[in-house]
Amino acid sequence: MKSNTAIGSNSVCCAVFFGCLAISAAALTPARAQNVSDQLNKYGCVACHAVDTKLVGPSFKDVAAKYRGKSGAEKQLIAKIKNGGSGVWGSVPMPPNPTVPDADLNAMVKWILSQK
Ligand code: HEC
């Protein structure tokens, strides 16, 4: 009887745990930007970029405005972030970020280009 009770409370535990996972997954899906802002933090982009203020690099709104409607912009910007470079916004170079995974670059560039 005692062990039955223990099993019973274990499965309640699991149900609560998985319930929480499901809820947090659902909560995260529409908030993709939250995800991207975590990435921007994690990769140190925010040291030089902000959404609507120029820091060392251009604001993400300025970047979005510059490339809006340009075909190939995503690819070009992914390569630029990876390899670094200068001359588009001024003489200050962006250092290369070769270790950022493509999936994250993709998500960040999509998000940056969607800023208005
Ligand atoms: C040390 C400062 C610094 C860091 C860190 C940095 N950037 Fe930049 N970024 C710059 C500068 C400076 C420019 C402007 C380069 C130019 O004029 O060509 C720039 C330009 C850009 C552009 C526009 C490129 C273009 O050619 O128009 C994007 C998009 C961008 N950065 C995204 C990122 C992302 C994403 C990260 C993080 C992985 C990041 N940056 C990290 C300084 C930085």
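Numbers given to residues run from 1 along each chain, matching the order in which its sequence is written. Given that the model is predicted, a residue must reach a pLDDT of at least 70 before its local features are reported, and side-chain atom pairs must reach 80 or more before they are shown or counted; all residues, however, enter totals for whole chains, interfaces and linings.

**Thoughts on the overall build of the protein chain**
Right, so step 1: Tallying secondary structure elements over the protein chain gives five helices and zero strands in all.
Right, so step 2: Mapped from its N terminus to its C terminus, the protein chain presents α and β elements in the order α-α-α-α-α.
Right, so step 3: Here a residue counts as buried when 20 or more other C-beta atoms fall within 10 Å of its C-beta, as exposed when 12 or fewer do, and as partly exposed in between; the C-beta atoms come from the backbone. Classification of the 116 residues of the protein chain by burial places 10% in the buried group.
Right, so step 4: Each residue is represented by a C-beta atom placed from its backbone, and any two residues with such atoms within 7 Å are regarded as in contact. The long-range fraction of contacts in the protein chain, counting pairs at least 24 apart against all pairs at least 6 apart in sequence, stands at 51%. Note on conventions: DSSP H or I runs of at least 4 residues are helices, E runs of at least 2 residues are strands, and numbering of each starts at the N terminus.

**Here we look at the confidence of the model for the protein chain**
Right, so step 1: The predictor attaches a confidence to each residue, and that confidence, scored 0 to 100, is pLDDT. Chain-level statistics for the protein chain give a pLDDT mean of 84 and a share of 71% at 70 or above.
Right, so step 2: Under a pLDDT of 50 for its full length, residues 26-31 has, in the predicted model, one contact with residues more than four places off or in other chains.

**Concerning the site of the ligand**
Right, so step 1: The immediate surroundings of the ligand are formed by 27 residues, with Cys45, Cys48, Gly57, Trp89 and Met94 found nearest.
Right, so step 2: Mapped onto the shell around the ligand, the elements with two or more residues apiece are helix 4 (73-83) and helix 5 (102-113).
Right, so step 3: By residue number, the principal contributor to the shell around the ligand is helix 4, which donates three residues. A molecule or strand has a residue near it when that residue's C-beta atom, placed from backbone coordinates, lies within 6 Å of it.

**Quick word on the nonpolar core**
Right, so step 1: Only buried Ala, Val, Leu, Ile, Met, Phe, Trp, Tyr and Cys residues enter a nonpolar core, and they are joined through C-beta atoms within 7 Å. Within the largest apolar cluster, nine residues are counted, these being Leu40, Cys45, Phe60, Val63, Leu77, Ile81, Met108, Val109 and Ile112.
Right, so step 2: Broken down by element, this core gets its largest block of residues, three residues, from helix 5.

**Description of the packing of helix 4 against helix 5**
In helix packing, the relevant descriptors are the interaxial angle and the interaxial distance, both defined with respect to the helix axes.
Right, so step 1: Helix axes are fitted only over the stretch in contact, all axes being lines through C-alpha atoms; the angle between N-to-C directions runs from 0 to 180 degrees. The interhelical angle for the contact between helix 4 and helix 5, taken along N-to-C directions, is 120 degrees, at an axis separation of 10 Å. Considering the angle they form, helix 4 stands oblique to helix 5. The handedness of the crossing between helix 4 and helix 5 is right-handed. Contacts from Ala73, Glu74, Leu77, Ile78, Ile81 and Lys82 of helix 4 reach helix 5 at Leu105, Asn106, Val109, Lys110 and Leu113.
Right, so step 2: Nonpolar residues are Ala, Val, Leu, Ile, Met, Phe, Trp, Tyr, Cys and Pro. Charged residues are Asp, Glu, Lys and Arg, and all others, Gly as well, are polar. Taken together, the residues of the contact of helix 4 with helix 5 break down into seven nonpolar, one polar and three charged. Orientation labels follow simple angle bins: below 35 degrees gives roughly parallel, above 145 gives roughly antiparallel, 65 to 115 gives roughly perpendicular, and whatever is left gives oblique. By definition, turning the near helix anticlockwise from the far helix through less than a right angle yields a left-handed crossing, and turning it clockwise yields a right-handed one.

**As for the environment of Leu55**
Right, so step 1: When you line up the elements, Leu55 lands in the loop between helix 2 (32-42) and helix 3 (60-67).
Right, so step 2: Accessibility expressed as a C-beta count within 10 Å gives 11 for Leu55, which makes it exposed.
Right, so step 3: Not counting the four nearest positions on each side in its chain, Leu55 is found in contact with Cys48, His49 and Ala50.

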